[in-house]
Amino acid sequence: MTIPEPLFDYEACLLACARGERQALVALYAQESARLLGVARRIARDDALAEDIVHDAFIKIWTRATSYDPQRGSARGWVFSVTRHLALNFMRDNRLEVQVSEDSELALQPLANLDGSLALDALEWRAGSERIYGCLEQLDPARRTCIVHAYVDGYTHAEIAKKLATPLGTVKAWIKRSLSALRECMG
Amino acid sequence: MTFKPEDNDSADLDALAGEYVLGTLDAQQRHAVEQRLPHDANLQAAVERWEARLLPLNDLVPAQPPSRQLWPRIERSLNALNVPAPQAKASWWNLLPLWRGLSAAGLAATLVLGTVLLTATPSVSPPTYVVVLVAPQDQAPGWVIQASNRQHIQLIPLGITQVPTDKTLQFWTKGDGWDGPVSLGLVKPGQTLSLPLDRLPPLEPNQLFELTLEGPDGSATGKPTGPIQFIGRAVKVI
């Protein structure tokens, strides 16, 4: 069981980790390990590898907690960023480009629905009441898909181009313009 | 898009930060960004804004409970981190060669003192003079000379000195103001030698002793000709 996010004090937790209080890291693990593993698994596409990444992430959270600065972003965001970038670096450093196969097509099914139709899982949309979703909806569906696949699946430009059967240059331009549009929309 | 010309740099920076957080950069580009981050406050701020903007997308991903082995594994790694001090900068405390050298020096000192004490025990009077003969290259002690009076010395090996088969060690001494070194005879490696100085002036502080490598019968000239193997000066002990 995890505590609803607003009730879990991520910042106090990281500050306690920075003081060397092991119990704080245990609490963070209980609170977020499953979600962090989900994020890592989605990018790594392998259970064992995803656990390796979450292992490394918790070690890094513990050893680098002193470098977390509350002025520069949310504590929960920091924890997710540490994990995501470990996963992304691992995939890029090992050139683990995913061949977009039927398996991954299947795995992508819930998100592929972002391609236009709004037949998305209601639960997922409820979780996504933040501003980013409103701004994503203003994007052309294909471009929205690019952004979501890149972020959630850790796809490279080339992988997205293959997945959408769209020229690489087009995908790069879409992502660049979509990021610009998101920044304007979100401030 | 309505960027003023002066916004171009910051727009590029923001685009780079956005693609970094989004995850589309390749390995080389990612490492370049990560190396720049600690020194580039603007890039850092741009990355932080993108992290905050895109963070909610993580909620689209279903959670996956970790295996039971994961936390114990993390805990083992944390314990391993805590046992030795983290890699501190190489301070003198962590310099292995220094400690090797000091322990070798300590061992040598122990041997010298031990030998001095052991061999001193039978004699009634303690040694009044001690000489430690060291190798000139590395200062490694090889022999000790002790004298309980100024007319008699003992040469004591601290180990077996390696000598080529066609060579011998010759023992020499020279006091301040002497014309040159005087031979005290040939020495076999590992041999303890007891020598009266009856034909020489009494032992004096700072008197030089050395062992040189000479031909099988010793120096033909009566003066040292071969390389010095061990050398030292007499020290008066209280």
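What you see is a predicted model, and the numbers here were worked out from it, not measured in a lab.

### A word on the overall build of chain B
- Looking only at helices and strands, chain B features five helices and nine strands.
- The order of α-helices and β-strands along chain B, N terminus first, is α-α-α-α-α-β-β-β-β-β-β-β-β-β.
- Considering only residue pairs separated by 6 or more positions, chain B has 57% of its internal contacts joining residues 24 or more positions apart.
- Accessible area for chain B stands at about 14000 Å²; split by element, carbon and sulfur atoms hold 59% of it.

### Let's talk about the environment of Pro-70 of chain A
- Secondary-structure assignment places Pro-70 of chain A in the loop between α3 (47–64) and α4 (75–93).
- For the pair formed by Pro-70 of chain A and Glu-11 of chain A, sequence separation is 59 residues and the distance between their alpha carbons is 7.1 Å.

### Details of the confidence of the model for chain A
- Considering every residue of chain A, the mean pLDDT works out to 83; 79% of them sit at 70 or more.
- For the stretch residues 100–127 of chain A, pLDDT sits under 50, and the model shows 40 contacts to residues farther than four places along the chain or on other chains.

### Focus: the state of the cysteines
All names here are of chain A.
- All chains considered together, the criterion is met by one disulfide over all chains.
- One disulfide in the model links Cys-135 with Cys-185; its S-S distance is 1.9 Å. On the sign convention where negative means left-handed, the S-S torsion of about -80° between Cys-135 and Cys-185 marks this disulfide as left-handed. Here Cys-135 is found in helix α8 (residues 131–137), whereas its partner Cys-185 is found in helix α11 (residues 168–186), with 50 residues between them in sequence.
- With no disulfide of its own, Cys-13 lies closest to Cys-17 among cysteine sulfurs, the gap being 4.8 Å.
- What makes Cys-13 buried here is its relative accessible area of 7%.

### Brief notes about the interface of chain B and chain A
- With 48 residues of chain B in contact, the opposing surface of chain A contributes 55 residues.
- Approximately 5000 Å² of surface area, both sides summed, lies buried where chain B meets chain A, with 60% of it carried by carbon and sulfur atoms.
- Contact with chain A buries area across many residues of chain B, yet Leu-22, Leu-60 and Gln-64 of chain B alone supply 14% of it, more than any other trio.
- Joining chain B to chain A, the criterion identifies four salt bridges.

### Quick word on the pairing of strand β6 (residues 193–196) of chain B
Residue and element names in this part refer to chain B.
- Residues Leu-193 and Leu-195 point to one face of β6 and are all buried, whereas Ser-194 and Pro-196, pointing to the other face, are not buried.
- Where strand β3 (residues 152–157) lies against β6, four bridges are found, and the strand directions are antiparallel. By the bridge assignment, His-152 is partnered in β6 with Pro-196.

### Digging into α4 of chain A
Residues and elements named next belong to chain A.
- Here α4 is 19 residues long and its end C-alpha atoms lie 27 Å apart, about the 27 Å a rise of 1.5 Å per residue gives.
- Of all the 19 residues making up α4, 16 are buried; the element is thus mostly covered by neighbouring parts of the structure.
- Just beyond α4, the residue with positive phi is Arg-95, at close to 50°.

### Comments concerning the packing of aromatic side chains
- Summed over the entire model, instances satisfying the criterion amount to five aromatic pairs over all chains.
- One aromatic cluster in this structure is built from Tyr-29 and Phe-58 of chain A together with Trp-71 of chain B.
- Between Arg-53 of chain B and the ring centre of Trp-50 of chain B, over which it is positioned, the NZ or CZ distance is 4.4 Å.

### A word on the confidence of the model for chain B
Residues and elements named next belong to chain B.
- Of all residues in chain B, 82% attain a pLDDT of 70 or more, and the chain-wide mean is 83.
- Averaged pLDDT values over the elements of chain B bottom out at 67 in helix α5 (residues 96–120) and peak at 95 in helix α3 (residues 41–54).
- In the predicted structure, residues 1–6 sits below a pLDDT of 50 and forms four contacts with residues beyond four places in sequence or in another chain.
- Across residues 84–90, where pLDDT falls below 50, the model places one contact with residues more than four positions away in sequence or in other chains.

### Here's the deal with helix α2 (residues 22–44) of chain A
- Helix length check: α2 of chain A (23 residues) gives 28 Å between terminal C-alpha atoms against 33 Å at 1.5 Å per residue, more than 12% under.
- Bending of α2 of chain A peaks at approximately 60° at the position of Glu-32 of chain A.

### Comments concerning the pattern of salt bridges
- In this structure the tally under the stated criterion is 11 salt bridges over all chains.
- Residue Glu-48 of chain B pairs with Arg-72 of chain A through a salt bridge whose shortest N-O separation is 2.7 Å. Linking Glu-48 of chain B in helix α3 with Arg-72 of chain A in the loop between α3 and α4, this pair reaches from one chain into another.
- Judged by its relative accessible area of 23%, Glu-48 of chain B is partly exposed.
- With relative accessibility at 39%, the residue Arg-72 of chain A sits in the partly exposed group.
- The network of salt bridges with common partners includes Glu-32, Arg-35 and Arg-76 of chain A together with Asp-59 of chain B.

### Concerning the packing of α11 of chain A against α3 of chain B
- Packing of α11 of chain A against α3 of chain B brings their axes to within 12 Å, and their N-to-C directions diverge by 80°. With respect to α3 of chain B, the element α11 of chain A is oriented roughly perpendicular. Facing α11 of chain A, whose interface residues are Leu-179, Leu-182, Arg-183 and Met-186 of chain A, α3 of chain B presents Trp-50, Arg-53 and Leu-54 of chain B.
- Its residues placed into classes, the contact of α11 of chain A with α3 of chain B shows five nonpolar, no polar and two charged.

### Examining the packing of helix α10 (residues 157–164) of chain A against α11 of chain A
Residue and element names in this part refer to chain A.
- Interhelical geometry of α10 versus α11 gives an angle of 110° and a closest axis separation of 9 Å. Relative to α11, α10 is oriented roughly perpendicular. α11 is crossed by α10, and the crossing has right-handed handedness. Facing His-157, Ala-158, Ile-160, Ala-161 and Leu-164 of α10, the residues of α11 in contact are Leu-168, Val-171, Lys-172, Trp-174 and Ile-175.
- Of the residues assigned to the contact of α10 with α11, the class counts are eight nonpolar, one polar and one charged.

Cut-off values and rules
Residues numbered from 1 in each chain as written. Chains lettered and ligands numbered in written order. Predicted model: local features only at pLDDT ≥ 70, side-chain atom pairs only at ≥ 80, totals over all residues. Heavy atoms only, no water. Helix = DSSP H or I, 4+ residues; strand = E, 2+ residues; numbered from the N terminus. Contact = heavy atoms within 4.5 Å. Areas by Shrake-Rupley, 256 points an atom, 1.4 Å probe, with all protein chains shown as cover. pLDDT = per-residue confidence, 0-100. Disulfide = S-S within 2.5 Å. Buried < 20%, exposed > 50% of the residue type's maximum accessible area, 1.4 Å probe, protein only. Buried area = accessible area lost by both parts, 1.4 Å probe. Salt bridge = Lys/Arg side-chain N within 4 Å of Asp/Glu carboxyl O. Pairing = 2+ DSSP bridges. Expected span 1.5 Å × (residues − 1). Phe/Tyr/Trp six-rings, centres within 6.5 Å; stacked < 30°, edge-to-face > 60°. Lys NZ or Arg CZ within 6 Å of the ring centre and 35° of its normal. Bend = angle between axes of the 7 residues up to and from the residue. Axes fitted to C-alpha atoms, helices over the stretch in contact; angles between N-to-C directions. Parallel < 35°, antiparallel > 145°, perpendicular 65-115°, else oblique. Nonpolar A, V, L, I, M, F, W, Y, C, P; charged D, E, K, R; others polar. Left-handed = near helix turned anticlockwise from the far one by under 90°.

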